Each structure stands twice: as structure tokens, then as C-alpha cells.
Amino acid sequence: MKYSVFSLARNALSGHKNWQPAWRSPDPKPEYDVIIVGGGGHGLATAYYLAKVHGITNVAVLEKGYLGGGNVGRNTTIIRSNYLLPGNNPFYEKSLQLWEGLEQDFNFNAMVSQRGVVNLFHSDGQRDAFVRRGNAMRIHGVDAEILDTHALRELMPFLNFNDGRFPIMGGLMQRRGGTVRHDAVAWGFARGADMRGVDVIQHCEVTGIRREKGRVVGVETSRGFIGCKKLGLAAAGNSSTVAKMAGLELPIESHVLQAFVSEGIKPWIDNVVTFGVGHFYISQSDKGGLVFGGDIDGYNSYAQRGNLPTVEHVVECGLAMIPSLSRARVLRSWGGIMDMSMDGSPIIDKTGIDNLYLNAGWCYGGFKATPASGWCFAHTIANDAPHELNSQMRLDRFRTGYVMDETAHGAQPNLH
Amino acid sequence: MAYLINCPHCGQRTTDEFYIKGDASKQRPGTIGDDTMNQWHDYVHIRDNVRGRTAEHWHHTGGCRQWLVVERDTVSHEVYAVAPASSRTPGKTSATPARKSAARKTPARNTTSRKTARGEKK
């Protein structure tokens, strides 16, 4: 059923008793053309675009938990395309363009809100770096502007403009950036894929990858063997674990990233704003909660929870940037497991095994990439070749030296 | 939880005093050259990324400034053992051909033998 004002009215008249589930819960078929391991945002988006763009509908998405329970529901909901490097920027800009039309495209309200993303800078050197990044964005046709302190005071009077050691000197603004309701992204893609014939199978954990004569023939799961002609891995957080089932060793470490939300308060912070001294980013949800986060905890972890030193560090950064945050109380915190790659950039590529494809290494930037990741991964699987947009997100780039290291930290994932 | 680390030199200290370098099972190739480039790639970029018990290099930057090997669980965050990195057998570098060919596939065995040697079981 298409969601519209008419379907709303029709269901209102019948007391809202006739709404149907947004997607089916089918039993797995014996074989599919394509199986995607991981029913997160990227896996669901991949299935959606496989069906919609490439007409491949005999597809299953296997999710070990429930939809929205993984990283797609464990982020700070920010979307943006303010990247520097040529291999990254056009990809993230494609993603932002897909976000812009997404709700009409998959007929689901994902509450896409282009409220603007501002990165503050606090020194001459940092201003130079951000001007350079803004110029790189504009060369790629992406919107970017530098705001001075006067404009910032108008926009964000709550910032600490009196910090003598790290004065706010301005900010890099991308007005088309913003936030999206993250659960609705999972639900919208799941429903859109399901409507086109994709089987979204929850509580189905992949425990092995079966190969014959080198090729993948299917997966062992908690619900039995399921055959496939092509297999796509989109299990970020657990990419290494899943890839090991096919004998692949990845340039990835799993780390925990925490995020926080405060009690709901009146509208206060209109944009997304990031701190340039420490690592801190904050926005306000439509419910009123302040949604914020900072660095990863720094140690390898598969636990979806973090530790107190990082909580303290994040809150200290927040208070340094917005002193009045001290009046708000933290309501909830959560942790997600990040695929931290060796250069801070993701991997969407073939694997060296004929019909096995890999989507991994999203670090803590995967949410904004969801639509383009699915779009490019679907293209890569359908055509057995990467799209130009993900042509530099290669698995072998660490061996060849063509890394995409936005922050130039080198192969030390907890610094990216 | 991996919140408190029992430094062999300083006693119980919080994790934020430490810089975490990562996987201690990696073996540094002994020489630089075309014949060892694959080993270098492996050493620098590829990780076992163990889900469960693992050993890592931690630097006590906020304390004794010594390199330590922390054995802990990446799922439960339980810390099993902390020892000076200098006491650790696989840490030595070597350019012998035997070690070159043994690189990469040995970490699990090394971890076990190290634990057994020191009798640290928990």
C-alpha cells in the first residue's frame, strides 16, 4: 500500500485498524540470485537499489537481529558531503543527492532535515584547512561557505565565544547537510525493497559461507543452508567475522563509538555543529533531545557499549563549546561497533572470490553514506564491476598504496 | 570492563592514561625489500580483529611510559592479564627466513604458548 494523505484518511475513517505491516516476514527460499548479509541501512539500501535500478528482485537480506537494531539505529543521524578527497567527495555528494529525493523515492517519511552542518575552527591553521576543504567541495560542485564569527553569533548565540585559548574564529557551513530519522531509513528501505519482491529475513544469522570450486554457492545460517548466485557482505561492525567465513582477512578493526541524547528541551540548536578543538558534534532532534557524540573509545571492541572515560571526554568537549549544556541532563547513551579501516575510508569492491562482494570499513561515517553505499554496492554486484563513484574504494588499495586518508593519520584506526 | 588496567609498574589505573597501539600478535618483518612487501602490507594493514580474547600493545603514556601487553576480551571487556611488553617472546624482531615464512599464521599459537609459559590462566 502506498502511504499518502488519502491512505491516512482512509485508515483514520476505519479507526486505524487496517494498517498492514510495512514488510513481510517470509521464510527463506532455497536459493536466491543475490543474498546480502546484514540487514542494516547499507544492506537494505543495496537490496532496494538492486530491485529498483537493476531489476534484480530475487534477493534476500539476512539479518541476525532485528531491523534498526544495529548501527543504522546507533548513530547521531547526521548527513553531509563535506569531504576533501576526490575518491570520497563525489560519492558522499551522490549520497546527499539521494537523501534529498529519498522520501518520495521510497514513499516513507524519513524526516530528512537539511538544517545545515557547521564545522567550527579555532586557529589560523585550522581556518586554512577548512577553507581548503570548502574549496575542494566547491570544485566538486558541492555547496560550502565560510561563516565569520558575526554570522555564527547570529546563528548560534549559545557557543562559547569567550574562550581565550581556543577562540571560535568561524565555521565551514554546508547548508544542504543536516539530519535524518535513522530508524525510518531502515524501515523505508526495508519496505521499499520488500514491495519490489526482496525477502527481508530477520533473526537469521549467517554462520558460514559455503564454497565449491572457489565460487560461493550459499550461506549456512541459523535457519539452514540458503543458496545464492552472488553474495554481498554488508555487515559493518562484524565485517571481519563474516569475511573470515570466506577466508578473507580485512584491513579493519572493530571499535565502539558512543552516542548520547539529552532530555527533551525546547528548540535551541537549529543546525548540526561540530567542535574544532576536541571531537564533538551536536544537533537537536525533532523531539527536543540534544543528540551528540565524540570520539571512539579507542580500543578494539565488539561490545555495543562503551566506557566512562570517553563519556567524560565527550561531555567536557561539549561544555567547552556550549557551556550552557551543563544545564541539560543526559537521558540515554548507546554504543555501536564501527568497522575502522586503515585509512578511514570505506571499501565497496569485489573480493578476489568470483561472486563475493564486500561493503565494509565505514568507520564512523556510515550513516550519511547509506543511500550511495547501497546504490554503488548494488551496481557493483549487478554489473560485477564497481561504479565510478566507488572505483577508488578498493579492497587492495592498502597493498598498492592508493589509500584515501582524509586525516592523514596512517594505518592506526583508533586515530581516524 | 576494560576501565581499570593493572599496570605491572603503577598498579590499577584508568584506561585514559594509556595509548592503545593495537594487535600484539603482529610480527614486524625483519628487512625492507621487494621480497618482504607482502609481509609489510600484512603487518601494517591486515588485522585478525578477534572477536573474543586478544592481546594488544598498550603504552602507559600517563604513567610509567612503558609498553605493555594487555590480554582482554573484546566482547565482555574483561581484562585477563597485563605484562611488560619486554617480557614477551614474539616481540623480538628477526630477519631469519624461517620467521619470514612463519609470519601471519602464527599469532594464535604464540598467544597460547605465551600464556602457558607464564602460567596466566583465568
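This text goes with the structure placed above it.
Residues numbered from 1 in each chain as written. Chains lettered and ligands numbered in written order. Predicted model: local features only at pLDDT ≥ 70, side-chain atom pairs only at ≥ 80, totals over all residues. Heavy atoms only, no water.

1. Examining the overall build of chain A
Check the secondary structure of chain A and you find ten helices and 18 strands. Judged by the C-alpha coordinates and their principal axes, chain A covers about 65 × 65 × 40 Å. Buried residues in chain A amount to 58% of all 416 residues. For chain A, contacts bridging at least 24 residues in sequence account for 75% of all contacts bridging at least 6. As presented, chain A carries roughly 16,700 Å² of accessible surface, and 51% of it is formed by carbon and sulfur atoms. Of the charged side chains in chain A, 41 are positive and 39 negative, and the gap between their average positions amounts to 5 Å. (Helix = DSSP H or I, 4+ residues; strand = E, 2+ residues; numbered from the N terminus. Buried < 20%, exposed > 50% of the residue type's maximum accessible area, 1.4 Å probe, protein only. Contact = heavy atoms within 4.5 Å. Areas by Shrake-Rupley, 256 points an atom, 1.4 Å probe, with all protein chains shown as cover. Lys, Arg positive; Asp, Glu negative; His and termini not counted. Charge placed at Lys NZ, Arg CZ, Asp CG, Glu CD.)

2. Regarding the side chain of Thr77(A)
In this fold, Thr77(A) is placed in the loop between β2 (59-62) and β3 (78-79). Apart from residues lying up to four places away in sequence, Thr77(A) is in contact with Gly178(A), Thr179(A), Val180(A), His182(A) and Phe367(A).

3. A look at the sheet that holds strand β5 (residues 145-147) of chain A
Residues and elements named next belong to chain A. Reading across from one edge, β5-β6-β4-β13-β14-β15-β12-β16 is the order of the eight strands in this open sheet, with mixed pairing throughout. Edge positions in the sheet fall to β5 and β16 (330-341), since each has one partner strand and no second. On average, each strand axis in the sheet is inclined to that of its neighbour by 25°, with strand direction left out of account. Bridge count between strand β4 (residues 117-121) and strand β13 (residues 272-275): three bridges; the pairing is parallel. Paired with valine 118 across the strands is valine 273, a residue of β13. This element, helix α4 (residues 124-139), spans β4, β5 and β6 (170-174) of the sheet and lies at about 150° to β4. (Pairing = 2+ DSSP bridges. Axes fitted to C-alpha atoms, helices over the stretch in contact; angles between N-to-C directions.)

4. Some remarks on unusual backbone geometry
All names here are of chain B. In this model, asparagine 49 sits at a positive phi of 50°, which is unusual for a non-glycine residue. In this structure, asparagine 49 sits in the loop between α1 (37-45) and β4 (53-59). For arginine 65, which is not glycine, the phi dihedral falls at a positive 60°. One can find arginine 65 in the loop between β4 and β5 (67-73). Overall, arginine 65 belongs to the exposed group, its relative accessible area being 51%.

5. Considerations on the layout of surface pockets
Take a probe with the size of a water molecule and roll it over the atoms, and the empty space left behind shows itself. Residues and elements named next belong to chain A. Considered as a void within the structure, the second largest pocket measures approximately 590 Å³ in volume. Around the second largest pocket sit 23 residues that line it, and His182, Asp183, Ser285, Lys287 and Val291 are the ones nearest its centre. Among the elements of the structure, α6 (182-195), β12 (252-264), β14 (280-284), β15 (289-300) and β16 are those that each provide at least two residues to the lining of the second largest pocket. It is β12 that contributes the most residues to the lining of the second largest pocket, four residues altogether. Of the residues belonging to the lining of the second largest pocket, the class tally is six nonpolar, ten polar and seven charged. (1 Å grid on protein atoms, 1.4 Å probe; cavity = no way out; pocket = protein on both sides within 12 Å on 5 of 7 lines; lining within 4 Å. Points joined across faces, edges and corners; volume = space filled by probe spheres on them. Nonpolar A, V, L, I, M, F, W, Y, C, P; charged D, E, K, R; others polar.)

6. Let's talk about the interface of chain A and chain B
Contact with chain A, which involves 28 residues of that partner, is made by 27 residues of chain B. Our count for the chain A to chain B interface comes out at one salt bridge. As a salt-bridge pair, Glu253(A) and Arg47(B) come within 2.7 Å of each other at their nearest N and O atoms. The interface formed by chain A and chain B contains 17 residue pairs in polar contact (both at pLDDT 80 or more). For the side of chain A that touches chain B, the elements supplying multiple residues, two or more each, are α7 (239-244), β12, β15 and α10 (397-400) of chain A. Here the residues of the side of chain A that touches chain B are counted per class, giving eleven nonpolar, eleven polar and six charged. (Salt bridge = Lys/Arg side-chain N within 4 Å of Asp/Glu carboxyl O. Polar contact = N/O pair within 3.5 Å; in protein donor to acceptor, adjacent residues only side chain to side chain.)

7. Quick look at the sheet that holds strand β3 (residues 19-23) of chain B
Residue and element names in this part refer to chain B. One open sheet accounts for four strands, arranged β3-β4-β5-β6; its pairing is antiparallel. For this open sheet the edge positions go to β3 and β6 (79-84), each flanked by a neighbour on one side alone. Averaged over all neighbouring strand pairs, the angle between strand axes comes to 25°, with direction disregarded. Judged from the five bridges that link them, β5 and β6 form a sheet pairing that is antiparallel. Its bridge partner being in β6, leucine 68 is matched across the sheet by proline 84.

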